[in-house]
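# Per-entry structural report
Each chain is listed here by its residues.
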Amino acid sequence: MSSNYGTPPVQGPQHERLGAFVGTWHAAGQSFATHQDPRNPRGAPLAWVSDEVTEWHPGKFFVVQHEVATAGSAPLLTHAIIGFDEASGDYFAHAFENHGHYRRYTVRVVGRTWTFTGGTERARVEFSEDGHTQTVRWEWRPDGDAWLPLCDRTNVRAGENAVSQSERP
C-alpha cells in the first residue's frame, strides 16, 4: 500500500470495481465450523443469517463493510476494508471481528468472481449477472493442512441499493 504522501493515487477502473459490493445485503446459508468432523465436514451445519452494509469510504478508493451475523445463536460482528494497492497491483481486504481476530486477504478478480485468500481462510464470492446476488463459499484450514468448508451462503442486495450497469463486477 502506498505510503507516499507526495502524489495521491489516481482513481481508476480498479477502484470503480469495488462498487459491486456497495449496498445493503441480507444473507442466509450454513456454517460448518462448530463440531466439524473432518471425515464429514458438512455433517453438522448451523443456520447462518447476516445483514451487511457496504459503503464507499470518502474519496471512493476503498469500501467499508459492516456485517452482523449469527451462526446458530453465536454472534459474529465484522468490519472490513477492501481496496486496491497500486504498488502491488492487487486488491486486499482487512477484516476485524468481535472475537478479536484480524485477518488480511489478498483479493483477485476474474470476471464476476472475487477470491479472498488468507493464511487460514479463503473465500469465493461470485456475483450474479445482474449484480444483485452473491454466492459465497468460505473455507478454512483449522489444522493448517486440508481446506474444509466454513460457510456457504447467498447474499441478496436490498432493492433500494440496486447497482447500475457501470458498477457491476
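Residues numbered from 1 in each chain as written. Predicted model: local features only at pLDDT ≥ 70, side-chain atom pairs only at ≥ 80, totals over all residues. Heavy atoms only, no water.

### Some details on the overall build of the protein
Each helix and strand in the protein was counted, giving one helix and 10 strands. Mapped in sequence order, the helices and strands of the protein form the string α-β-β-β-β-β-β-β-β-β-β. Put simply, the protein has 169 residues, and 37% of those count as buried. Sequence separation of at least 24 residues holds for 39% of the intrachain contacts in the protein that already meet a minimum separation of 6. As displayed, the protein has an accessible area near 9,400 Å², and 54% of this comes from carbon and sulfur atoms. (Helix = DSSP H or I, 4+ residues; strand = E, 2+ residues; numbered from the N terminus. Buried < 20%, exposed > 50% of the residue type's maximum accessible area, 1.4 Å probe, protein only. Contact = heavy atoms within 4.5 Å. Areas by Shrake-Rupley, 256 points an atom, 1.4 Å probe, with all protein chains shown as cover.)

### Examining the confidence of the model for the protein
On average, residues of the protein carry a pLDDT of 88, and 86% of them reach 70 or more. Scored below 50 in pLDDT, residues 161-169 makes 20 contacts in the model with residues more than four places away or belonging to other chains. (pLDDT = per-residue confidence, 0-100.)

### Concerning the sheet that holds strand β2 (residues 46-56)
The strands making up a sheet associate through hydrogen bonds between their backbones, and the pairing can be parallel or antiparallel. The antiparallel closed barrel is built from 10 strands, whose spatial order is β1-β2-β3-β4-β5-β6-β7-β8-β9-β10. Each neighbouring strand pair of the sheet contributes to a mean axis angle of 20°, computed without reference to strand direction. Examined bridge by bridge, strand β9 (residues 133-140) and strand β10 (residues 148-157) share eight bridges and lie antiparallel to one another. Across the sheet, the residue bridging to E139 is P149, located in β10. (Pairing = 2+ DSSP bridges. Axes fitted to C-alpha atoms, helices over the stretch in contact; angles between N-to-C directions.)

### A look at the environment of L18
Following the sequence through the fold, L18 ends up in the loop between α1 (13-16) and β1 (23-31). Assessed through its relative accessible area of 0%, L18 is described here as buried. Considering only alpha carbons, one finds L18 and V63, 45 residues apart in sequence, at a separation of 6.7 Å. Apart from the residues within four sequence positions on either side, L18 is in contact with W56, F61, F62, V63, I82, G83, Y91 and W114.

### Points about the layout of surface pockets
The computed volume of the largest pocket comes to approximately 810 Å³. Every residue lining the largest pocket is counted, 37 residues in all, and those nearest its centre are W48, L76, E97, E121 and W138. Here the element with the most residues in the lining of the largest pocket is strand β4 (residues 74-85); it accounts for seven residues. Across the lining of the largest pocket, the residue classes tally to 21 nonpolar, 10 polar and six charged. (1 Å grid on protein atoms, 1.4 Å probe; cavity = no way out; pocket = protein on both sides within 12 Å on 5 of 7 lines; lining within 4 Å. Points joined across faces, edges and corners; volume = space filled by probe spheres on them. Nonpolar A, V, L, I, M, F, W, Y, C, P; charged D, E, K, R; others polar.)

### Describing the packing of aromatic side chains
Inspection of the entire model under this criterion finds 10 aromatic pairs. Ring centres 6.4 Å apart and planes at 80° place the aromatic pair Y105 and F116 in the edge-to-face group. Within this pair, whereas Y105 is found in strand β6 (residues 102-110), its partner F116 is found in strand β7 (residues 113-117), the two being separated by 11 residues in sequence. By relative accessible area, which is 6% here, Y105 ends up buried. (Phe/Tyr/Trp six-rings, centres within 6.5 Å; stacked < 30°, edge-to-face > 60°.)

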